[in-house]
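Coordinates in review
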Amino acid sequence: MVNWITSVKSFRWWLIAIVVMMVLPFIVPPSFLRICIMANFMAIFAISWDMMSGYTGYVSFGHPFLIGLAGYVSAMLSHQGGFQPPHIVLPLYLTMPLGIAAAVGGGMLFFLPSMRIRGPYFSLISLAFLMILSRIMIAAGAMTGGDRGLTSLPYVVTGAVNNYWLSTGIMFAIAIGLWLVARSDVGHVLKAIRMDEDVVESSGLSTYRFKRFAFILSAVTAGIGGVFYTHYMGSISPGGAFDYVFLLNIIVSTVVGGMGTIIGPIFGGYFVTFFTESTRTLLEGAWRFMAYSLVALAIVYFRPGGFYGIAHDIAAWFRVKRRGGMQYDQVA
Amino acid sequence: MLALAQSIAINGALLSGLYALISLGFTMIYGVGRVLNLAHAAYVMLGGYVYFHCLQIVGIPEPISMLIAIAVCAGASLATYVGLVRRYLYNPTIVFVSTFILALVINYLVVLIWGMETKNVWPVVSGLTQVMGQPVSNNMIASLVVSWVCISGVLLFVRKTHMGRAMRALAMDRKGAIVSGINPDRVNLLTWTMAGGLAGIAGIFFGSYTYLVPAMWHMPMVMSFAIVIIGGLGSIEGTLVAAHIVGYMQTTTTLAIDERLRGVFALIIMIIVLVVRPKGLFGK
């Protein structure tokens, strides 16, 4: 059992990461920073997915539902056209919390009842919700802009450097916050649910309450990511928010980085974004996505533990080498 | 009004047959291996495209084109099991994620080979017949007949043959089946091959029913989820009944309400079933 207050030592990696990220804007061009911004958002979405699915094992295909709902609510309220017929245009500091609240509320209304149902049913139902929301957003064209979505939304801040600071700050705040939660006893219970839910239940814990806690954290994170992403891009559309590729990117980021680790998804988010961006000039259209899907498939197949698992193995190997042999507490 | 009702009756029967055919393989794989193959609907698309390619680009005669399409799908399904799923049979998260990525790989493969444009497949059987005063294409009737032949064939196979009984035994009690000498791996190999073949047949008719486009697998995928959940995961009879509920629901929505809400009602039924009876109508 790790007591996170006493293990201040493990914060040193966070410090190194934060220092690196703070130096970055002074040495790289804005075009590179723009990729980092996308990577930060992808990392936020992946952390959100990891908090729920990576820890509890309830694979959600519906995270774009939460992200898209938050983004759409904030976009509809802040759009110049406003709500029709009464033209209300609210400022961002009101619409963004409302968007996050919509993600949490909508999620609790739809996802939580299905979390009582175990196994593959939850995954299928979450995908179904995603499809329904996507259809409704297209059908309710008067408010949501239909297929084309809403454009020219207000920005939170402008310029690559400002957006970089903003997205990096949010990403680190969320990551460290959830990392602390995941290292606490709650995180252990969530991992135990993934391994054997019946055992957790029979030791007197209400697994539903733990799942609900994980879900709310996940939904808040998804909502924050969703509204900031929407107002960074300045537009939202069903093709972007509810696309399978978007869903794939979130899941692949988490799995490639390492499920159930919070830190892994950050690496996964950066890997996925930089991989798809760096191949943009080399390969075109479908070839790029094909290459990306195949790489993702290979990592999932050969290294289900992801980058975090690989790093863990390497670190363990060095420890064993230094001490000259395998010791009991290092096996796991 | 009468014409609309007749139209719904006829089109609903056809769509339900196709949906049953698409969902059958999906539910069989779940029943035997407790694995959800998210790439299943992508095989349906692959079947349609391979048939189109053989028939209309290469110019191979119709029956042989069909056989090639079915064989390609069966092979793809078998390869998925052997190459991807078998290693992580007891890790549903990995199976979910990897078969989902595989579906997108197949999607991009289709885009790369055949492009994004829609393609029209020649009807398998040409001509029109009057049914209840409504003109119905012979292709639709053929597709309905083939669907029912395949479904009855699978039901007979599962009930009457030794291998079919082994499948049902595995679905009921895995350990008990293994103790009585059933090799689960062999049964899985056969089930995945059969499921792929059924997806191929469904693809041929689904392609000629609508048209071919790389996004055509989305709707069958979601509909087959809804069908297997309403019917009960792993139950063939349940799949058949649920396919008709969903098929008629969808036809009614498309013809009488709003084409854009296609699929929404089926998903709503699915959610109601999940809340009221989580194991589905026929699930155990």
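The structure this text deals with has already been given above.
The paragraphs below set out a description of the structure included in this document. Here the residue numbers are simple positions, counted from 1 along each chain's written sequence. Whichever chain is written first is A, and whichever ligand is written first is 1; the rest continue in order. Predicted model: local features are reported for residues with pLDDT of at least 70 only, side-chain atom pairs are reported and counted for 80 or more only, and whole-chain, interface and lining totals are derived from all residues. Derived side-chain values reflect all non-hydrogen atoms in the structure, with water molecules and hydrogen atoms excluded from consideration.

In this section: the nonpolar core. A general trend in soluble globular proteins is that nonpolar side chains are found buried together. Nonpolar core, defined: a set of buried Ala, Val, Leu, Ile, Met, Phe, Trp, Tyr and Cys residues in which side-chain atoms within 4.5 Å join the residues together. The buried label applies to any residue whose accessible area, calculated with a 1.4 Å probe on protein chains only, is under 20% of its type's maximum; exposed applies above 50%, and partly exposed to all values in between. Formed by 203 residues in total, the largest nonpolar core has its most connected members in A:F61, A:M171, B:Y19 and B:I101. When residues no more than four places from it in sequence are discounted, the contact partners of A:F61 are A:S123, A:S126, A:L127, A:L130, A:L247, A:I251, B:L38, B:F96 and B:F100. Only heavy atoms enter the contact rule, under which two residues are in contact if any of them lie within 4.5 Å.

Glancing now at the environment of A:T144. Residues and elements named next belong to chain A. Along the chain, T144 turns up in helix 6 (residues 141-144). Note: C-alpha distance between T144 and M76 (68 residues apart in sequence) is 6.7 Å. Non-local contacts of T144, meaning those with residues more than four positions away in its chain, are made with Y72, M76, M137, G149 and L150. In DSSP terms, a helix is any run of H or I states spanning at least four residues, a strand is any run of E spanning at least two, and both are numbered starting from the N terminus.

Pairs were defined over the aromatic rings of Phe, Tyr and Trp, the Trp ring being its six-membered one, requiring ring centres within 6.5 Å. Orientation was assigned from the angle between planes: stacked under 30 degrees, edge-to-face over 60, tilted for the rest. Scanning the entire structure with this criterion turns up 27 aromatic pairs over all chains. When the ring of A:F45 is compared with that of A:Y229, the centres are 5.7 Å apart and the planes differ by 85°; the resulting orientation is edge-to-face. With A:F45 in helix 2 (residues 30-56) and A:Y229 in helix 10 (residues 207-233), this pair connects stretches of sequence that are 184 residues apart. Here A:F271 and A:F275 contribute two aromatic rings whose centre-to-centre distance is 5.7 Å and whose plane-to-plane angle is 35°, an arrangement assigned as tilted. Here A:F271 pairs with A:F275, and both are found in helix 13 (residues 263-278), just 4 residues apart, close to one helical turn. Classification of A:F271 by relative accessible area gives partly exposed; the value is 23%. The ring of A:F289 carries A:R288 above its face, with NZ or CZ at 5.2 Å from the centroid. Charge-over-ring contacts are defined here by two conditions on Lys NZ or Arg CZ: a distance within 6 Å of the ring centre and an angle within 35 degrees of the ring normal. Here the basic side chain of B:R87 rests over the ring of A:Y301, its NZ or CZ set 4.7 Å away from the ring centre.

All right, on to a nonpolar patch on the surface then. Residue and element names in this part refer to chain A. Like-charged residues are merged into a patch within 9 Å and nonpolar side chains (Val, Leu, Ile, Met, Phe, Trp, Tyr) within 5 Å, provided each residue has over 30% relative accessible area and no salt bridge. Per-residue accessibility takes into account occlusion by the displayed protein chains alone, with areas from the Shrake-Rupley method and a 1.4 Å probe. Throughout this description, the term salt bridge denotes a Lys or Arg side-chain nitrogen within 4 Å of a carboxyl oxygen of Asp or Glu. Taken together, the side chains of V19, M22, V23, F26, I27, V161 and W165 make up a nonpolar region of the molecular surface, amounting to roughly 690 Å² of accessible area. Contributions of two or more residues to the nonpolar patch are made by helix 1 (12-27) and helix 7 (160-183). Top element by residues in the nonpolar patch is helix 1. It accounts for 5 residues. Looking at the element boundaries, F26 is found in helix 1.

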